[in-house]
Amino acid sequence: MKRRVILCVLLTLLISSAAAQLPRHEVLSLKRRTDVWRDSVMKQPDWLLSRLQMYWSSHATDVFINNETFDHPGGERAPVPTVKYNGTRSFASQYDRPKLADVVPYDDDAEGDVTFINRSTGEMEKTHASKTGCNIASLNRQILGIARDAALLFAESGDESYAKMALDVFDTFLKGIYYRNVPTDLTHGHIQTLVGMTTFEVIHEDAINELTEMYPLLKKSGAFKSENTALYDGAFKKWADNIIANGVPHNNWDLIQANFIVSIALVLGHDEDYGDGKGREYYLDYVLNRSSIRQWSMKRLAAFGFDERTHIWCESPGYSTMVVGEFATFANTMDEKAGVDMFQEIPAIEKAIFASPQYLFPNRMICGWGDTHPNYLSSHAADLMKKYAERHEDKDLAARLSGLLDAIKPEAPAAEIEKYVSKTFYSPNVSWLMQRTGMDIQHDLAISLNGALGNHEHANGISMELYGKGFVLGPDAGIGRTLYSGADYNEYYSRFPAHNTVCVDGVSDHAVMMSQHAFEVRFLKAEEEATVSQVAFVEPETQSEQLRTNGIVKTRDGGYYVDIFRSRRKDGQDKFHDYFYHNLGQTMTLTSDDNSDLGLQPTDELAFAGGHLYAYSYIWDKYSARTDKDVMATFTTECPDGRLIEMTMWMEGAADREVFKALSPVNLEYERLGNFMPYKVDEQPVLTFVARQYGEAWHHPFVAVFEPSDTNEPSEIEKVEFFTPKEPDAVGIKVTLKNGREDVIVATPEHYRVTSNGKTIIEE
């Protein structure tokens, strides 16, 4: 009880100081972008509010959806216009929203249709909301953002014209929430547990941000009618209750939901101000200490998601790093504005911040398995915790965070970031393993291996990403064009053939998103000159044993990779095993290892036909050859500065082997990086090598050596030879470098050894 009283006092102080002065340059910027709209409102008072997307005509209290698509409005007629619902869960749309000045005022009819721009014709036309993606909520947020800016200018200047402009929008929208019900899914499906008041996902109820920012400011306006407070608060509480009732408790959703609930709590009165006893203390207590079926407390969420040893969050890297940032945002807000020290109460947040660099390749970008768009590691979480440390005068913590922030900068020396990463790293809660020789962008190598455990995962078996000469040359494929809601994601990007893995009989598959298919680490070791790992996996669709052994061997200017992949069905009914490898670049050659022609011919193999995965149909321009020869593939990337980056692969031949040169859909992992990439990856099909082993691939494994090189530092390998050692089931590789050094690798399913000029440099 004492804590709740303190909390109430602190929150009251917070609300009273909400209109703290903005820096002058921010005020001027706000005026520049707001006054153009205020001029229109001064001439026509309803100019802005009339462009809100509302059920102006029907005043519909109910919204009906058909799974992830808007169907129709209905229900009783409300006393005021109600807020219009988004068209679809996916942002894919046949229509664009007009510029604000071109929006039709009071645009609505009995079906809830809107007047947007047809993408095919470029013309404005009336259309059903279901064809407009997320544009309805987006347009409303634009208008709410303008109103929020006007409210800030009112708080700064006391100019009531700004307050009136903001209040009209605020009043119209929030009353429209108060009289609207939670949508009803006509299919009675899973989506019913996810929907918000304005969008198909409670985590995208972003209108709450602008509305809660406005509310405390507008209460100071002479135009504010205090008799409306109960209605406004009721609308906010309805919104918060729906977010508590819906959503997902065990991943990033829970944090996003919690932040919305806290934003609402901070603008409400005390519990005793309401007949139902649900005010700011109730909602804050809910996210801090209570748990329901779809809204867990922050402590429960942290205990569920962070690995106790590695401190890695249980989702793919893009989502994991975001979650750490969301935790830090939440903790910083609660400390700064409510006097609750969540950093102390959940130590996992600090540990996760310092563990995050383990995701990094030598180019300082996070690895990219699952639903991830790699980029440089965000400093957001560390920045917020540093502010916390400075508030609490914790000089040691602030200094450690300063060191981390300096080290993760893209231009930081390798020696600095190497303080925060290890040569080998394995986090069991996401079935992910890293090997690195160091963090020099040009010379060091790194392998990222992942299974499929945790959230936002793909069906990929044992998947591999390879780094070289500044880029992840052998990447995952990424997400679909419309993220994970389109056919391309469901049929290709999230399936085995989109990854660097082995697919059995054309049918290997398992659940995506919240997956439960981890690999087992058999061994993991690093020495000064080499690293090695071995992981085992049971492919669930065919019940196949898979074993992947990966090594890195350093050379003068870089090094090379070793990849040994064994695969066999437990029932012995093997048809074929397909080894997929995708590499960045514009050109690819495939020859025998002595550069002689393989006689590649066009082929219709690698196809859905035969009962295989749809993903095979996404592969085209296919050429193949049946051969038992050792083969060599070269993938070339042409950089704008004239530099050529090559990844060369040598693969041991085998009886009953067919090799393919093909193209796959564009890489949608790196398409957001723009000029960082050496070419437009979202326009260039991905160069693809496939080796098909007919029968089992355990005693006839896929054995390959990969070497990245470039114009400035050409290949150091003179030749790669394969031999059969005396040990049962062993493979042998002899790599001869141009400087005369000879490396010999011998590997069995249980053992791995690399010798260089007769000296053992790593053994496991």
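Think of each chain on its own: its residues are numbered from 1, step by step along the sequence as written. Only residues with pLDDT of at least 70 get local features here, since the model is predicted, and only at 80 or more are side-chain atom pairs given and counted; chain-wide, interface and lining totals rely on the full set of residues. Each side-chain value is worked out from all heavy atoms of the structure, with water and hydrogens disregarded.

## Some thoughts on the overall build of the chain
A run of H or I in DSSP counts as a helix once it spans at least four residues, and a run of E counts as a strand once it spans at least two, with each numbered from the N terminus. The number of helices and strands found in the chain is 16 helices and 34 strands. For the radius of gyration, the atom set is restricted to C-alpha positions; the globular benchmark scales as 2.2 Å times the number of residues to the power 0.38. The C-alpha atoms of the chain give a radius of gyration of 29 Å, which matches the 27 Å a tight globule of 764 residues would have. Along the three orthogonal principal directions, the C-alpha set of the chain runs to about 90 × 60 × 50 Å. A fraction of 67% describes how many contacts in the chain between residues 6 or more apart in sequence connect residues 24 or more apart. All accessible areas in this document rest on Shrake-Rupley with a 1.4 Å probe, and a residue is counted as covered only by the protein chains that are shown. Per element, the accessible surface of the chain, about 28600 Å² overall, is 50% carbon and sulfur. Contacts are assigned to residue pairs that have any heavy atoms within 4.5 Å of one another.

## Focus on unusual backbone geometry
The residue Lys 469 is not glycine, and still its phi comes out positive at about 55°. Residue placement: Lys 469 occurs in the loop between β13 (463–468) and β14 (471–474). A positive phi angle is found at Asp 505, which is not glycine, with a value near 55°. Mapped onto the fold, Asp 505 is located in the loop between β15 (502–504) and β16 (513–517).

## Thoughts on the pairing of strand β10 (residues 432–436)
Across the five residues that make up β10, a large majority, five, are buried. Because side chains alternate across β10, one face comprises the buried residues Trp 432, Met 434 and Arg 436, and the other comprises Leu 433 and Gln 435, equally buried. Note: two strands are recorded as paired if DSSP finds a minimum of 2 bridges between them. Connecting the antiparallel pair strand β9 (residues 424–427) and β10 is a turn made up of four residues, with Ser 431 showing a positive phi of about 50°. With five bridges joining them, β10 and strand β11 (residues 446–450) adopt antiparallel strand pairing. Along β11, the bridge assignment pairs Trp 432 with Asn 450. For the exposure calls, accessible area comes from a 1.4 Å probe over protein chains only, and a residue counts as buried if that area is under 20% of its type's maximum, exposed if over 50%, partly exposed in between.

## As for helix α6 (residues 229–245)
An expected span of 1.5 Å times one less than the residue number is assigned to each helix. Look at α6: 24 Å from first C-alpha to last across 17 residues, which is about the 24 Å you get at 1.5 Å a residue. Within α6, burial applies to Leu 231, Tyr 232, Asp 233, Ala 235, Phe 236, Lys 237, Trp 239, Ala 240, Asn 242, Ile 243 and Ile 244. Tucked into the core, α6 has its buried residues touching α4 (160–178), α5 (207–218), α7 (252–265) and α8 (280–289). Residue Gly 247 follows α6 closely and has a positive phi angle near 110°.

## Re the pattern of salt bridges
Between side chains of opposite charge, pairing is possible as soon as their charged atoms come close. Take a side-chain nitrogen of Lys or Arg and a carboxyl oxygen of Asp or Glu: if they are within 4 Å of each other, that pair is a salt bridge. One pass over the structure, following the stated rule, counts 40 salt bridges. A salt bridge links Asp 206 to Arg 141, with the shortest nitrogen-to-oxygen separation between them at 4.0 Å. Pair noted here: Asp 206 is in the loop between β8 (184–185) and α5 and Arg 141 is in helix α3 (residues 135–157), with a separation of 65 residues, a long-range link. Exposure remark for Asp 206: the relative accessible area of 21% places this residue in the partly exposed category. The exposure class assigned to Arg 141 is partly exposed, which follows from its relative accessible area of 30%. Each of Lys 31, Asp 35, Arg 38 and Asp 159 takes part in a single network of salt bridges with overlapping partners.

## Here's the deal with the packing of α4 against α5
α5 packs onto α4 with a crossing angle of 125° between their chain directions and a minimal axis gap of 11 Å. Classified by the angle their axes make, α4 and α5 are oblique. Here α4 and α5 pass one another in a crossing that is left-handed. Residues Ala 163, Ala 166, Leu 167, Phe 170, Phe 173 and Leu 174 of α4 touch α5, and the partners they reach there are Ala 207, Leu 211, Met 214, Tyr 215 and Leu 218. Looking at the contact of α4 with α5 residue by residue, the classes come out as 11 nonpolar, no polar and no charged. The convention used is that axes are lines fitted to C-alpha atoms, helices contributing only their stretch in contact, and that angles between N-to-C directions extend from 0 to 180 degrees. The cut-offs work like this: below 35 degrees is roughly parallel, past 145 is roughly antiparallel, 65 to 115 is roughly perpendicular, and the gaps in between are oblique. Two helices that cross are described as forming a left-handed crossing if the nearer one is turned anticlockwise from the farther one by less than a right angle, and a right-handed crossing if clockwise. Ten residues, namely Ala, Val, Leu, Ile, Met, Phe, Trp, Tyr, Cys and Pro, are considered nonpolar, four, namely Asp, Glu, Lys and Arg, are considered charged, and the remaining ones, Gly among them, are considered polar.

## Focus: the side chain of Glu 210
Its location among the elements puts Glu 210 in helix α5. A residue is classified by how much of its surface remains accessible, and Glu 210, at 5% relative accessible area, is buried. In this view, Glu 210 contacts Arg 141, Leu 144, Gly 145 and Arg 148; residues no more than four positions away in its chain are not counted.

## A closer look at α7
Between its first and last C-alpha, α7 extends 20 Å over 14 residues, near the 20 Å set by a 1.5 Å rise per residue. N or O atoms closer than or at 3.5 Å make up a polar contact, with two conditions inside protein: a donor-capable atom paired with an acceptor-capable one, and, for residues adjacent in sequence, both atoms drawn from side chains. With a side-chain oxygen lying 2.9 Å from the backbone nitrogen of Trp 253, the N-terminal cap of α7 falls on Asn 251.

## Some words on the sheet that holds strand β31 (residues 731–737)
Spatial strand order, β30-β31-β32-β33-β34: five strands in an open sheet with antiparallel pairing. Each edge of the open sheet carries a strand with a single partner, namely β30 (717–723) and β34 (759–763). Ignoring strand direction, the axes of neighbouring strands in this sheet form an average angle of 20°. In this structure, strand β32 (residues 742–747) lies alongside strand β33 (residues 752–756), joined through five bridges in antiparallel fashion. In the sheet register, Val 746 faces β33, and the bridge partner there is Arg 753.

## Re the sheet that holds strand β3 (residues 69–77)
Within the open sheet, the three strands sit side by side as β3-β2-β8. Their pairing is mixed. The open sheet has two free edges, formed respectively by β3 and β8, since each of these has just one partner strand. Taken together, the six bridges between strand β2 (residues 60–66) and β3 define a ladder with antiparallel strand orientation. Bridging from a neighbouring strand, Phe 64 pairs with His 72 of β3.

## What about the packing of α4 against α6?
Two quantities define a packed helix pair, namely the angle between the axes and the distance from one axis to the other. It is the contact of α4 with α6, at a shortest axis distance of 8 Å, that shows an interaxial angle of 55°. Here α4 is positioned oblique relative to α6, judged by the angle of their axes. For α4 against α6, the interelement crossing comes out left-handed. Here Leu 167, Phe 170, Asp 171, Phe 173, Leu 174, Lys 175, Ile 177 and Tyr 178 of α4 lie close against α6, whose contacting residues are Leu 231, Tyr 232, Gly 234, Ala 235, Phe 236, Lys 238 and Trp 239.

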